[in-house]
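Residues per chain are reported as follows:
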Amino acid sequence: PISNVRTLSADFAMDEEDAAAQADDGQEAVIHSYVMGMLTNFKTLPLDRIHNMLKMFVTDPPYTKKIQELSAILDKLVAAEKLDLQDGNYTVKAA
């Protein structure tokens, strides 16, 4: 009956959300790797420069984050004590 259709579509929607979250985790790992590499080479970079470099260099999968989303990812890395943020510039946290 119709109630089964609603349940099925709700399950499908949840599966799509789970898949999107998993895909996002994969991209966050790629972004993390690129950011650590960039900051190892350039020592210090502002958010907009990191964002523009990711748009140029991350192609598989393509980088599609908005700058606000990147800021949230970098904030997680600061909270995890992998990066420092000072005066709007990110650096790799000293060991």
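The preceding data block contains the structure.
These numbers were taken from a predicted model, which means no experiment stands behind them. (Residues numbered from 1 in each chain as written. Predicted model: local features only at pLDDT ≥ 70, side-chain atom pairs only at ≥ 80, totals over all residues. Heavy atoms only, no water.)

Brief notes about helix α2 (residues 47-57)
Listed as buried for α2 are Ile 50, His 51, Met 53 and Leu 54. Down the axis of α2, the buried set is contained in an arc of 165 degrees. They therefore lie on one face. (Buried < 20%, exposed > 50% of the residue type's maximum accessible area, 1.4 Å probe, protein only. Helix = DSSP H or I, 4+ residues; strand = E, 2+ residues; numbered from the N terminus. Arc of directions from axis to C-beta.)

Some thoughts on the nonpolar core
In terms of nonpolar packing, the biggest core is built from 16 residues, with Val 35, Ile 50, Leu 54 and Leu 74 touching the most fellow members. For this core, the secondary-structure elements that each account for two or more residues are α1 (2-42), α2 and α3 (67-79). In this structure, Ile 50 is in contact with Val 35, Met 38, Leu 45, Leu 70, Leu 74 and Tyr 90, ignoring residues within four places of it in sequence. (Core = buried A, V, L, I, M, F, W, Y, C linked by side-chain atoms within 4.5 Å. Contact = heavy atoms within 4.5 Å.)

A few points about the side chain of Glu 28
Within the fold, Glu 28 resides in helix α1. Take Glu 28: its relative accessible area is 18%, and that puts it in the buried class. Apart from residues no more than four positions distant in its own chain, Glu 28 is found in contact with Ile 73 and Lys 76.

Some words on the sheet that holds strand β1 (residues 45-46)
Read from one edge of the open sheet, three strands run β1-β3-β2, paired in antiparallel fashion. Lying at the two open borders of the sheet, with one neighbouring strand each, are β1 and β2 (83-86). Note: β2 against strand β3 (residues 89-92), four bridges, orientation antiparallel. Residue pairing for β3: Leu 85 is matched across the bridge by Tyr 90. In the packing of α3 onto the sheet, contacts are made with β2 and β3, and the angle to β2 comes to roughly 110 degrees. (Pairing = 2+ DSSP bridges. Axes fitted to C-alpha atoms, helices over the stretch in contact; angles between N-to-C directions.)

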